[in-house]
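Topology and contacts: notes
Listed below, chain by chain, are the residues.
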Amino acid sequence: MVKFSEDKIKEVEAIIARYPQGKQKSALIPLLHLAQEEFGGWLSAETMDYVASLLSIESIEVYEVATFYSMFNLNPVGKHVLEVCQTGPCMLKGSDDIIGYIKSKLGIGVGETTADGMFTLKTVECLGACGYAPMMQMGMHYKEHLTPAKVDEIIANCYNHK
Amino acid sequence: MARKLLLEKAHVEGIRHFDVYRREGGYAAVEKALKMDPAAIVEEVKKSGLRGRGGAGFATGLKWSFLAKPEGVPRYLVCNADESEPGTFKDRYLMEFIPHLLIEGLIVSSFALGSNRTYIYIRGEYAWIVGILEQAIAEAKQNGFLGKNILGTGFDLEIYVQRGAGAYICGEETALIESLEGKRGNPRIKPPFPAIKGLWDCPTVVNNVETLAAVVPIMNLGGEEYAKIGVGRSTGTKLISACGNINKPGVYEIDMTISVEEFIYSDEYCGGIANGKKLKACIPGGSSVPILPANLLLKTAKGETRYMNYESLSDGGFATGSMMGSGGFIVLDEDQCIVRHTLTLARFYRHESCGQCSPCREGTGWMEKILHKIESGKGAMSDIDLLWDIQRKIEGNTICPLGDAAAWPVAAAIRHFRDEFEWHVNNPSLCLTQNYGLAHYADELSVVA
Ligand SMILES: Cc1cc2nc3c(=O)[nH]c(=O)nc-3n(C[C@H](O)[C@H](O)[C@H](O)COP(=O)(O)O)c2cc1C
Ligand code: SF4
Ligand code: FES
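Because the structure is a prediction, the values reported are computed rather than measured.

1. Topic: the interface of chain A and chain B
With 41 residues of chain A at the interface, the matching set in chain B holds 56 residues. For the pairing of chain A and chain B, the buried interface totals around 3900 Å² over both sides, and the portion due to carbon and sulfur atoms is 58%. On the chain A side of the contact with chain B, Arg18, Phe68 and Leu92 of chain A bury the most area, a combined 18% of that side's loss. Our enumeration of links across chain A and chain B arrives at four salt bridges. With a shortest N-O distance of 2.5 Å, Arg340 of chain B and Asp96 of chain A are connected by a salt bridge. Remark: the boundary between chain A and chain B carries 25 residue pairs in polar contact (both at pLDDT 80 or more). Contributing elements (two or more residues each) for the side of chain A that touches chain B: α2 (28-38), α4 (59-66), α5 (88-92) and β4 (141-143) of chain A. The greatest single-element share of the side of chain A that touches chain B, amounting to five residues, is contributed by α2 of chain A. In the side of chain A that touches chain B, the residues fall into 21 nonpolar, 11 polar and nine charged.

Here it is as structure tokens:
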């Protein structure tokens, strides 16, 4: 069953307290981030219903928000999600080659997950790191100035810290 | 060296921490402001000539003076840290390296506007910066600059950081407000403007990170002194994030009197085009503003030097000029294909359209498809005209300016590089094997030292 720990519930309460009385719906996006981190990197219908119950709002209010924002995963993803930026400034610095390299190295296409469940590859639009291109996001952090060698290193590190 | 007002101290060891920031003269603007009448602070900001740094360049003091002040209704200040316009990464730099400058600006601005609860809405991907900002907020609070009865003046203020979740449209101020209310980021129809009815239907001011940080030097120097820096209606300093095919990509604080040529070629800034290539084109103010070929970038249509400021960058209108926009400076070298670059931008806008208005929702999709067709060598001459027609039908026919922002890059690419689109139609087999480079050189340049 989907349920936050006591510590997380305290965090939820602190988030709700950021808004005036009765405006707890504003906590929805922060809570969805929290839920996605806690419950396997994606938002199942059960998770979304749980978040709705925490905020005393309808489930549909959660679904319509979760489907709008690109950071919320509505399907299971690998342990590490590689989100490579492909917008103009990154393209000028070779993001197409980096995407191609990751595809062939991991043997998956964009939107797919490796058979061992370790990696999902996604393409994303500008992440505000254009001066440090090509780049990708991995969880909470950015990996910038990517080269094939750097990609090798990042992937090897993930296996080493399994 | 140009005068720096925002980033001067950004690389002082430990400046992320309150003690060091304070030792370097930080929070003096708060001490000064909290002794003033809020209306007098708004006056100083008006005198400074500060214009919004988020993209539209609207006068900040004037915007503040529109804020409604009905009795008994809370007012809100919201800091726009959504920063998602391709080419733009200046706010990130400021928040990452000198977070207390933003917090200080927010305290002064909140006091001026009468906000007791101020939110920083930051793009969800900047996850690690949330921690940096929350640390700065906690330190300011421990030291009596936030919380109840700040510095014994009776002014209460809390600042909260709210993470978005991946949506460029949430940078548009009414979409941002919707998102902050826990909804989809659908822009609202204006009027009513946020200054009358914004966050939770209360009067609200939304300003960019850099705008609010600039309030600190304005307080310290006084509005009149601040206005003396820069030129004409481009007062103060501006952060430019430079990227693309240059030797030194990064964030630079400029005095708006320097020329575009100096900015690109001088070692103090971009350091010239990378790999010894030539400059082909540039988008000087973030992906939404018109691209310019090298000759029109460095000189206006009248043959005058073009400068890095609001007026000069827009000299010539859209026919031969561009815009300062958000300060996202994207440089393309001679090897780059304009059609392909424009396609990535069209894909971006299609992806980011919220879908409320049909011209934007459908038009952005069509533009991406047609550009894809041309880029992959399957286009016809009539597709170029169709593309032109679609962008015209989007512009001005939508709820929010994203529609225009999607139309302009396509229009400018066709306007200045039509031959390149035609080359793709005429050389279908070469399209996928060879970039269309080597066009639109500027005349030989007198490279500045
Ligand atoms: C599609 C779209 C995206 C925008 N994105 C941003 C943004 O990321 N950051 C920002 O400060 N302003 C952005 N703006 C401008 C805001 O609507 C608003 O004008 C700005 O935050 C006002 O602040 P300023 O006057 O300090 O510039 C965007 C506007 C549009 C139409
Ligand atoms: S112009 Fe586009 S992004 Fe803006 S409201 Fe309309 S559909 Fe949404
Ligand atoms: S274009 Fe890739 S981070 Fe901006």
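2. Things to note about the domain arrangement of chain B
Residues and elements named next belong to chain B. Looking at the assigned domains, one finds that chain B contains domain 1 (18-223), domain 2 (239-333) and domain 3 (338-433). Relative to domain 3, the C-alpha centre of domain 2 lies at a distance of 23 Å. Taken together, the 16 residues of domain 2 in the interface contact 13 residues of domain 3. Taken over both partners, the interface formed by domain 2 and domain 3 buries close to 1200 Å², and the fraction arising from carbon and sulfur atoms is 70%. Considering only the side of domain 2, the residues that lose the most area to domain 3 are Ser288, Ile291 and Phe318, jointly responsible for 40% of the buried surface there. For the interface between domain 2 and domain 3, the tally reads one salt bridge.

3. Description of the domain arrangement of chain A
Often, the extent of an interface is quoted as the loss of accessible area upon association of its parts. Segmenting chain A into domains produces domain 1 (6-66) and domain 2 (80-160). On a C-alpha basis, the centres of domain 1 of chain A and domain 2 of chain A stand 29 Å from each other.

4. Thoughts on the pairing of strand β4 (residues 204-208) of chain B
All names here are of chain B. By the criterion of burial, β4 is predominantly enclosed, with five of the five residues buried. Of the two faces of β4, the one lined by Thr204, Val206 and Asn208 and the one lined by Val205 and Asn207 are each fully buried. Note: strand β1 (residues 75-81) against β4, five bridges, orientation parallel. Within the sheet, the bridge partner assigned to Cys79 lies in β4 and is Asn207.

5. Brief notes about the layout of surface pockets
In this structure, the largest pocket encloses a volume near 1200 Å³. For the largest pocket, the lining is made up of 44 residues, of which Gly54, Gly55, Ala56, Gly171 and Glu172 of chain B are closest to its centre. Secondary-structure elements contributing two or more residues to the lining of the largest pocket are α4 (60-65), α5 (90-97), β4 and α18 (402-426) of chain B. Element by element, the count of residues in the lining of the largest pocket is highest for β4 of chain B, at five residues. Taken together, the residues of the lining of the largest pocket break down into 17 nonpolar, 17 polar and 10 charged. Roughly 560 Å³ of volume is contained in the second largest pocket. Considering the residues around the second largest pocket, the lining is formed by 26 residues, among which Val81, Glu83, Met138, Gly139 and Met140 of chain A are closest to the centre. Those elements that place two or more of their residues in the lining of the second largest pocket are α2, β1 (80-85), β3 (136-138), β4 and α7 (148-160) of chain A.

6. Overview of the packing of helix α16 (residues 358-375) of chain B against helix α17 (residues 381-394) of chain B
Residue and element names in this part refer to chain B. Interaxial distance between α16 and α17 falls to 10 Å at its minimum, and their mutual angle equals 160 degrees. Relative to α17, the element α16 is oriented roughly antiparallel. For the element pair α16 and α17, the recorded crossing hand is left-handed. Contacts between α16 and α17 involve Pro359, Cys360, Gly363, Thr364, Trp366, Met367, Ile370, Leu371, Lys373 and Ile374 on the former and, on the latter, Asp383, Ile384, Leu386, Leu387, Ile390, Gln391, Lys393 and Ile394. Classifying every residue of the contact of α16 with α17 by side-chain character gives 12 nonpolar, three polar and three charged.

7. Here we look at the site of ligand 2
Residue and element names in this part refer to chain B. Around ligand 2 sit 13 residues, and of these Cys354, Cys357, Cys360, Thr398 and Cys400 come closest. At a threshold of 2 Å from the grid points, most atoms of ligand 2 map onto the largest cavity. For the shell around ligand 2, a count of residues per class yields eight nonpolar, five polar and no charged.

Procedures and definitions
- Residues numbered from 1 in each chain as written.
- Chains lettered and ligands numbered in written order.
- Predicted model: local features only at pLDDT ≥ 70, side-chain atom pairs only at ≥ 80, totals over all residues.
- Heavy atoms only, no water.
- Contact = heavy atoms within 4.5 Å.
- Buried area = accessible area lost by both parts, 1.4 Å probe.
- Salt bridge = Lys/Arg side-chain N within 4 Å of Asp/Glu carboxyl O.
- Polar contact = N/O pair within 3.5 Å; in protein donor to acceptor, adjacent residues only side chain to side chain.
- Helix = DSSP H or I, 4+ residues; strand = E, 2+ residues; numbered from the N terminus.
- Nonpolar A, V, L, I, M, F, W, Y, C, P; charged D, E, K, R; others polar.
- Domains from an automatic or database assignment.
- Buried < 20%, exposed > 50% of the residue type's maximum accessible area, 1.4 Å probe, protein only.
- Pairing = 2+ DSSP bridges.
- 1 Å grid on protein atoms, 1.4 Å probe; cavity = no way out; pocket = protein on both sides within 12 Å on 5 of 7 lines; lining within 4 Å.
- Points joined across faces, edges and corners; volume = space filled by probe spheres on them.
- Axes fitted to C-alpha atoms, helices over the stretch in contact; angles between N-to-C directions.
- Parallel < 35°, antiparallel > 145°, perpendicular 65-115°, else oblique.
- Left-handed = near helix turned anticlockwise from the far one by under 90°.
- Near = heavy atom within 4 Å.
- Sits in = over half its atoms within 2 Å of the grid points.

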